[in-house]
Amino acid sequence: MKLITLTLLLFILTFPSRAQNIILARPSQEQLAFHDLELGVFIHYSIDTYAERGAPQGSTPASAFNPTALDPEQWVLAAKAMGATYVVFTARHEQGFCMWPTTTTDYSVRNSPYKKGKGDVVKEFVDACRKHNMKVGLYTAPWIDSHWEARKPGYKPGNTGNIEKLNDPKMYEEALKKEKAQIHDLLTKYGPLVFVWDDHFGRSDVLDAEPHGGKFREFYAALTKYAHELQPKCLLLGRDVEHVGNENARASYPLWNVLNTIDGSNYSVSSTYRWDQNNYGEPTGKFYRPQLAPTTVALSTGGWMWAGPRKPQTLERRMQAYYETVGRGSGIIVNLTPDRTGLIPADLVAAAKEMGDEIKRRFSNPVVLSTAKNPSQTLKFDGVKTFNHVVTMEDLKDGQRIGKYTIEVQVDGQWKTIVHGQTVGHKRIDKFDEITATALRFTVTSSLKRAEMRGIAVFNVN
């Protein structure tokens, strides 16, 4: 965080009585609900799955999309078994292939052998989600459409990631018109969506030492505003949800779901955002955005799209991802990848279920539970209890407030501090060596304003 932010935060946390007039950014009802979704699944599946190794982006013909056993219901059931509450599907990935029969391009399922050109994978996916009571999200890649760009004069293979291309007025207008038409399809034909991952929003603007800005930033702002006109309650990556800054399932700690932006508007990335570095947020920032951590490496080996056999990671690695994201106050979205048949391989489905079962096993039966609102409270046990985890949740409706806290336990009549914590946010999981005690005391020692708790739960995880 910037020095000025750290100085201000230290002042506020040291003299909280002088901070009561500070205006904190507050989440919308949709953002609060998104916090509660916690765990999502990403389904990366498109023409990329069928691309020949080394083939230029966007060059794989539509005729290559011809799965033999495509079953979106299998994807959704695998996600549900993991404990996910929502699923995001790649409606259009960077190659430009549309998984619905759009009229915006001839590069879609409409011109593939799948169901003789009559298929609509987006609809099949949406229907499967709603059948099994899962929230629906979709992915698009506004900045990169390799197949579309390859038809433009002067196109150079491998140049689709050039931000400066949007500085060309003709390219900008044509690209924005196409993207608006495609997002119009997705937000008007398939019912309400909870989330749209409009890939690269803001992040790619700041991958170099200095932000690029320019027409790139304007492009995403225009598209996001248009999407919100179509579905005001649908959250979009960037404006409404912040990327944690890596794809390794690791949120920073402390973690604030609040930030300032590089241009002062709500249509750009955090002013402190750095790829693959700590992105703490800014506690007194202007904009509230739940942080979200995507990962493909935490569940299995391999990249986002299927490119050959992959192996599940160990359960320990999968649970590490959970602790370092949900346990630090962010959400997590885990990649599940269908193979060329159109199904997620059985070993990945089993790994997803194993992870979901383990989360339930660890966190379904608290030793002690409090739903009191007080920022400082004592949980008196009914006798002696043994435990090694404490899960705390802050009431965020008026903004994130807790900056520091302690957890103490009473052993043989004496109080002993076992945790010096920082932010809580939506959820904080503290784990420690097993201890046996007769009471637990949670105390907020510093906060931006008076905090309210949502829950404190004590668990013994063996």
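Residues numbered from 1 in each chain as written. Predicted model: local features only at pLDDT ≥ 70, side-chain atom pairs only at ≥ 80, totals over all residues. Heavy atoms only, no water.

### What to know about the overall build of the chain
Okay, step 1: Tallying secondary structure elements over the chain gives 9 helices and 16 strands in all.
Okay, step 2: Over its C-alpha atoms the chain spans a radius of gyration of 23 Å, differing by no more than 12% from the 23 Å that the globule rule assigns to 462 residues.
Okay, step 3: Across its three principal axes, the chain shows a C-alpha extent of roughly 75 × 45 × 35 Å.
Okay, step 4: In the chain, of all internal contacts separated by at least 6 residues, the share reaching a separation of at least 24 is 77%.
Okay, step 5: Total accessible area on the chain stands at roughly 19200 Å², and carbon and sulfur atoms take up 51% of it. (Helix = DSSP H or I, 4+ residues; strand = E, 2+ residues; numbered from the N terminus. Rg over C-alpha atoms; globule rule 2.2 N^0.38 Å. Contact = heavy atoms within 4.5 Å. Areas by Shrake-Rupley, 256 points an atom, 1.4 Å probe, with all protein chains shown as cover.)

### A short note on the pairing of strand 10 (residues 331-336)
Okay, step 1: Among the 6 residues in strand 10, 6 count as buried, and that is most of the element.
Okay, step 2: Burial along strand 10 is two-sided: Gly 331, Ile 333 and Asn 335 and Ile 332, Val 334 and Leu 336, pointing in opposite directions, are all buried.
Okay, step 3: In this sheet, strand 10 lies alongside strand 9 (residues 291-295) in parallel orientation, the contact comprising 4 bridges. Bridge pairing in strand 10 links Pro 294 to Ile 333.
Okay, step 4: Taken together, strand 9, helix 8 (residues 315-323) and strand 10 form a β-α-β motif whose crossover is right-handed. (Buried < 20%, exposed > 50% of the residue type's maximum accessible area, 1.4 Å probe, protein only. Pairing = 2+ DSSP bridges. Right-handed = clockwise from strand over helix to strand, strands pointing away.)

### Structural notes on the pattern of salt bridges
Okay, step 1: Applying the stated rule across the entire model yields 29 salt bridges.
Okay, step 2: Where Lys 178 meets Asp 145, a salt bridge forms, and the shortest distance between an N and an O atom there is 3.1 Å. Placement of Lys 178 in helix 6 (residues 169-188) and of Asp 145 in the loop between strand 3 (135-140) and helix 5 (146-149) is noted, with a sequence separation of 33 residues between them. Exposure class is identical for Lys 178 and Asp 145. Each is buried.
Okay, step 3: In this structure, Arg 428 engages Asp 430 in a salt bridge whose closest nitrogen and oxygen atoms are separated by 3.4 Å.
Okay, step 4: Since its relative accessible area comes to 6%, Asp 430 is described here as buried.
Okay, step 5: When salt bridges with common partners are traced through the structure, they connect Arg 92, Asp 145, Lys 178 and Glu 179 into a single cluster. (Salt bridge = Lys/Arg side-chain N within 4 Å of Asp/Glu carboxyl O.)

### Remarks on the sheet that holds strand 12 (residues 376-394)
Okay, step 1: With antiparallel pairing, the 6 strands of this open sheet are ordered in space as 11-16-12-15-13-14. Because the sheet does not close on itself, it has two edges, and the strands there are strand 11 (368-370) and strand 14 (414-421). Put simply, the sheet's adjacent strands are angled 30° from each other on average, direction ignored.
Okay, step 2: Bridge count between strand 12 and strand 16 (residues 453-459): 6 bridges; the pairing is antiparallel. Looking at strand 16, one finds that Thr 392 is bridged to Ile 456. (Axes fitted to C-alpha atoms, helices over the stretch in contact; angles between N-to-C directions.)

### Let's talk about the packing of aromatic side chains
Okay, step 1: Using the criterion set out here, one finds 26 aromatic pairs in the structure.
Okay, step 2: Relative to Phe 125, the ring of Phe 89 lies with its centre 5.2 Å away and its plane at 40°, an arrangement referred to as tilted. You can see Phe 89 sitting in strand 2 (residues 86-90) and its partner Phe 125 sitting in helix 4 (residues 121-131), a full 36 residues away along the chain. Phe 125 matches Phe 89 in its accessibility class, with the two residues each being buried.
Okay, step 3: Taking the centre distance of 5.9 Å and the plane angle of 75° together, the rings of Tyr 172 and Phe 219 count as edge-to-face. Residue Tyr 172 is located in helix 6, and its partner Phe 219 is located in helix 7 (residues 214-230); the two are separated by 47 residues in the primary sequence. (Phe/Tyr/Trp six-rings, centres within 6.5 Å; stacked < 30°, edge-to-face > 60°.)

### Focus: the nonpolar core
Side chains of nonpolar character tend, in soluble globular proteins, to be buried together.
Okay, step 1: Grouped together as the largest cluster of nonpolar side chains are 81 residues, with contacts concentrated most on Phe 65, Phe 89 and Val 122.
Okay, step 2: Of the residues forming this core, the biggest block, 7 residues, is contributed by helix 6.
Okay, step 3: The contacts of Phe 65, once residues within four sequence positions are left out, are Tyr 45, Ser 46, Ile 47, Tyr 50, Phe 97, Met 99, Val 109, Ser 112, Pro 113, Tyr 114 and Val 121.
Okay, step 4: Core analysis: the second largest hydrophobic core is formed by 21 residues, Val 368, Leu 379, Phe 381 and Phe 442 among them. (Core = buried A, V, L, I, M, F, W, Y, C linked by side-chain atoms within 4.5 Å.)

### What about the sheet that holds strand 2?
Okay, step 1: Ordered in space as 5-4-3-2-1-10-9-6, the 8 strands form an open sheet in which the pairing is parallel. Whereas interior strands pair on both sides, the edge strands pair on one side only; in this sheet they are strand 5 (235-236) and strand 6 (242-243).
Okay, step 2: As paired strands, strand 3 and strand 4 (residues 195-198) are joined by 4 bridges and run parallel to one another. Along strand 4, the bridge assignment pairs Tyr 139 with Trp 197.

### Brief notes about the side chain of Asn 388
Okay, step 1: Mapped onto the fold, Asn 388 is located in strand 12.
Okay, step 2: In terms of polar contacts, Asn 388 uses its side chain to reach the side chain of His 389, at 2.9 Å.
Okay, step 3: Looking at Asn 388, its side chain comes within polar contact range of the main-chain oxygen of Val 461, at 2.7 Å.
Okay, step 4: Sequence-distant contacts of Asn 388, defined by excluding residues within four places in its chain, comprise Asp 430, Lys 431, Phe 432, Asp 433, Glu 434, Phe 459, Asn 460 and Val 461. (Polar contact = N/O pair within 3.5 Å; in protein donor to acceptor, adjacent residues only side chain to side chain.)

### Here's the deal with the environment of Pro 211
Okay, step 1: Structurally, the position occupied by Pro 211 is in the loop between strand 4 and helix 7.
Okay, step 2: Sequence separation between Pro 211 and Val 269 is 58 residues; the distance between their C-alpha atoms is 9.7 Å.
Okay, step 3: Residues contacting Pro 211, with those up to four places away along its chain left out, are Asp 205, Val 206, Arg 217 and Ile 262.

### Remarks on unusual backbone geometry
Okay, step 1: Of the consecutive residues Tyr 253 and Pro 254, the connecting peptide bond is found in the cis state with omega at 5°.
Okay, step 2: Relative to the helices and strands, Pro 254 resides in the loop between strand 6 and strand 7 (258-259).
Okay, step 3: Although it is not a glycine, Lys 115 adopts a positive phi angle of roughly 50°.
Okay, step 4: One can find Lys 115 in the loop between strand 2 and helix 4.

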